[in-house]
Amino acid sequence: MGAVIVEAVRTPIGKRNGSLSGIHPADLSATVLKELVTRAGVDPEVIDDVVWGCVGQVGEQTFDIARTAALAAGWPESVTGVTVDRQCGSSQQSLNFAVAGVIAGHYDAVVAGGVESMSRVPMGSTVAANGTPHSPWFLERYGVSPNQGMGAEIMAEKWALSRTELDAFSARSHERAAAAQDAGLYDDQIVPVTLPDGTVFAKDEGIRRGTTVERLAGLKTVFKEDGVIHAGNASQISDGAAALLIVSDEFAERHGLTPIARLHTAVLAGADPVMMLGAPIPATEKALRKSGLSVAEIDVFEVNEAFAPVPMAWQKEIGAPDEKLNPNGGAIALGHPLGGSGARILTDLIFHMRRNDLRYGLQTMCEAGGQANASILELVRG
């Protein structure tokens, strides 16, 4: 049994304490769930499950937010939900689980996606509530409690990336995102969100127009006094949600749904948990080997911009051309709502592939613990 993606949608991405900060994350999730089935033209009662990524599963994001989101959306009580945590790759992993469930015959129609309200559930809330995640045995093995910012510093040093190079990449992210926004390339993928005061929020608000290397040079480094990582070459702390509808080929035909893309290949890779951010490199290599495709055959690459060294080191190792890497900007400009980012990127990737008639797109994300997902999507043509 085959599985196809037939619809995808996301909220605009809000800055920390910005436009989306007044909305409960379950309601933010419900916003994309409702829009997803509306766009697809299916009754939510046919949805077998909601597989939902979320990293900060504490406070408003606990108690299986996948289920509470489906109920908040007004969906039938028969629709179940399960919440996934693979850190930053949570909602990319949710797609993999959803597709596997359809292929195995467990689902006919399933939603994959995720959410994070980093304004309402601040990063680190789970650690603050429950103590350190690094046990004595872990510390005995590695001798340090890993920190993502220091991991980015290690990457920059290992791949000889200067602060000027990192800042130039970051300025480019803002430039590309601004150009995409101005050209209306995000409009079709975004569902506007009505805020508590009645205003409508419809545009990603993290893009800083006119960002230059010279402006970024004035920012103080955060993790290391003589380091290179600062707020301007790291992803933004953000709020947002995104969702995709995955169905079997038979379900799509029966309900008159038009397939957009298939998940061609999905792999995982683990690497050094102290540097933490380098696993997209072996994940991509593994995905290419497993798919039988070459770098040249992939038409577009999305590498999450958790920190600028991540896609830059990845590019040095993989050799993807610059024009194919994050063509519409990335998390440095748009923001990184942890559990929702995988689905946000997938949504943009799918729309970009369809708009430009690109056959293959590869997405990969670094994840805490030194892991990465890599997924190759194939456009369904005609």
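These notes cover the structure that comes with them. Each residue is numbered by its place in its chain's sequence as written, counting from 1. Confidence filtering applies because this is a predicted model: local features only for residues at pLDDT of at least 70, side-chain atom pairs given and counted only at 80 or more, and all residues used for totals across whole chains, interfaces and linings. Side-chain numbers come from the whole structure's heavy atoms, not from hydrogens or water.

### Overview of the environment of G81
Then step 1. Following the sequence through the fold, G81 ends up in strand β4 (residues 80-84).
Then step 2. Taking the C-alpha atoms as reference points, G81 and C54, 27 residues apart in sequence, are found 12 Å from one another.
Then step 3. Here a residue-residue contact requires only that any non-hydrogen atoms of the pair lie within 4.5 Å. Those residues in contact with G81 that lie beyond four places of it in its chain are D49, V50, D64, A66 and R67. The way it works is that DSSP assigns letters per residue, a run of H or I at least four long becomes a helix, a run of E at least two long becomes a strand, and they are numbered from the N terminus.

### As for the side chain of Q189
Then step 1. Secondary-structure assignment places Q189 in the loop between α7 (163-182) and β6 (193-194).
Then step 2. Note on Q189: relative accessible area 0%, which makes it buried.
Then step 3. Counting of polar contacts relies on pairs of N or O atoms within 3.5 Å, with two restrictions inside protein: one atom must be capable of donating a hydrogen and the other of accepting it, and residues adjacent in sequence are counted only when both atoms are side-chain atoms. In terms of polar contacts, Q189 uses its side chain to reach the side chain of R10, at 2.7 Å.
Then step 4. If sequence neighbours within four positions are ignored, Q189 has contacts with V9, R10, R39, T347, D348 and F351. Under the scheme applied here, a residue whose accessible area is under 20% of the maximum for its type counts as buried, over 50% as exposed, and between as partly exposed, the area being computed with a 1.4 Å probe on protein chains only.

### Observations regarding the packing of aromatic side chains
Then step 1. Only centres within 6.5 Å qualify two rings of Phe, Tyr or Trp (six-membered ring in Trp) as a pair; their planes then separate them into stacked at under 30 degrees, edge-to-face at over 60, and tilted for everything else. In total, this model carries 3 aromatic pairs according to the counting rule given.
Then step 2. Considering the side-chain rings of F223 and F307, the 6.2 Å spacing of their centres and the 75 degrees angle between planes classify their relative orientation as edge-to-face. Here F223, found in the loop between α8 (213-216) and β8 (238-248), pairs with F307, found in the loop between β10 (300-303) and α11 (309-318); they are 84 residues apart in sequence, far enough to count as distant.
Then step 3. Judged by relative accessible area, which is 8%, F307 ranks as buried.
Then step 4. Here the basic side chain of R10 rests over the ring of Y186, its NZ or CZ set 5.2 Å away from the ring centre.
Then step 5. Look at NZ for Lys and CZ for Arg. If either is within 6 Å of the ring centre and within 35 degrees of the ring normal, a charge sits over the ring. Across from the ring centre of F351, 5.0 Å away, lies the NZ or CZ of R354, which sits over that ring.

### Observations regarding the pattern of salt bridges
Then step 1. Any Lys or Arg side-chain nitrogen found within 4 Å of a carboxyl oxygen on Asp or Glu counts as a salt bridge. Within the structure shown, the criterion is met by 12 salt bridges.
Then step 2. D249 serves as the salt-bridge partner of R262, at 3.2 Å between the closest nitrogen and oxygen. Here the residue R262 occupies a position in strand β9 (residues 261-270), and D249 occupies one in helix α9 (residues 249-255), the gap between them amounting to 13 residues.
Then step 3. For R262, a relative accessible area of 32% corresponds to the partly exposed category.
Then step 4. As a salt-bridge pair, R359 and E378 come within 3.0 Å of each other at their nearest N and O atoms. Remark: E378 occurs in strand β12 (residues 371-379) and R359 occurs in the loop between α13 (338-356) and β11 (360-367); sequence separation between them is 19 residues.
Then step 5. E378 gets classed as buried once you look at its relative accessible area, which sits at 18%.
Then step 6. Sharing partners across several salt bridges, the network here consists of R172, R176 and D322.

### Overview of the environment of E225
Then step 1. Residue placement: E225 occurs in the loop between α8 and β8.
Then step 2. E225 gets classed as exposed once you look at its relative accessible area, which sits at 79%.
Then step 3. Between the C-alpha atom of E225 and that of F63, which follows or precedes it by 162 residues, the distance is 40 Å.

### What about the side chain of T347?
Then step 1. Mapped onto the elements of the fold, T347 is located in helix α13.
Then step 2. Given a relative accessible area of 0%, T347 falls into the buried group.
Then step 3. Here A343 takes part through its backbone oxygen, which lies 2.8 Å from a polar atom of the side chain of T347.
Then step 4. Sequence-distant contacts of T347, defined by excluding residues within four places in its chain, comprise A8, V9, R10, Q189, A242, A243 and L244.

### A few points about α11
Then step 1. Among the 10 residues of α11, 8 are classified as buried, and the element is accordingly described as predominantly covered.
Then step 2. Those residues of α11 not exposed but buried are P309, V310, P311, M312, A313, W314, Q315 and I318.
Then step 3. Elements in contact with the buried residues of α11: α6 (148-158), α7, α10 (280-291), β10 and β11.
Then step 4. Backbone geometry just after α11 places G319 at a positive phi near 85 degrees.

### Comments concerning the nonpolar core
Most often, soluble globular proteins have nonpolar side chains that are buried together.
Then step 1. One finds L166, L277, I298, F307 and W314 to be the most contacted residues of the largest nonpolar core, which totals 42 residues.
Then step 2. Of all the secondary structure elements, the ones that give two or more residues to this core are α6, α7, β9, α10, β10, α11, β11 and β12.
Then step 3. With 5 residues, α11 is the largest single contributor of residues to this core.
Then step 4. Residues within four places of F307 in sequence aside, it is in contact with Q148, G149, A152, F223, I229, N233, A234 and L277. To define a nonpolar core, start from buried Ala, Val, Leu, Ile, Met, Phe, Trp, Tyr and Cys residues and group those joined through side-chain atoms within 4.5 Å.

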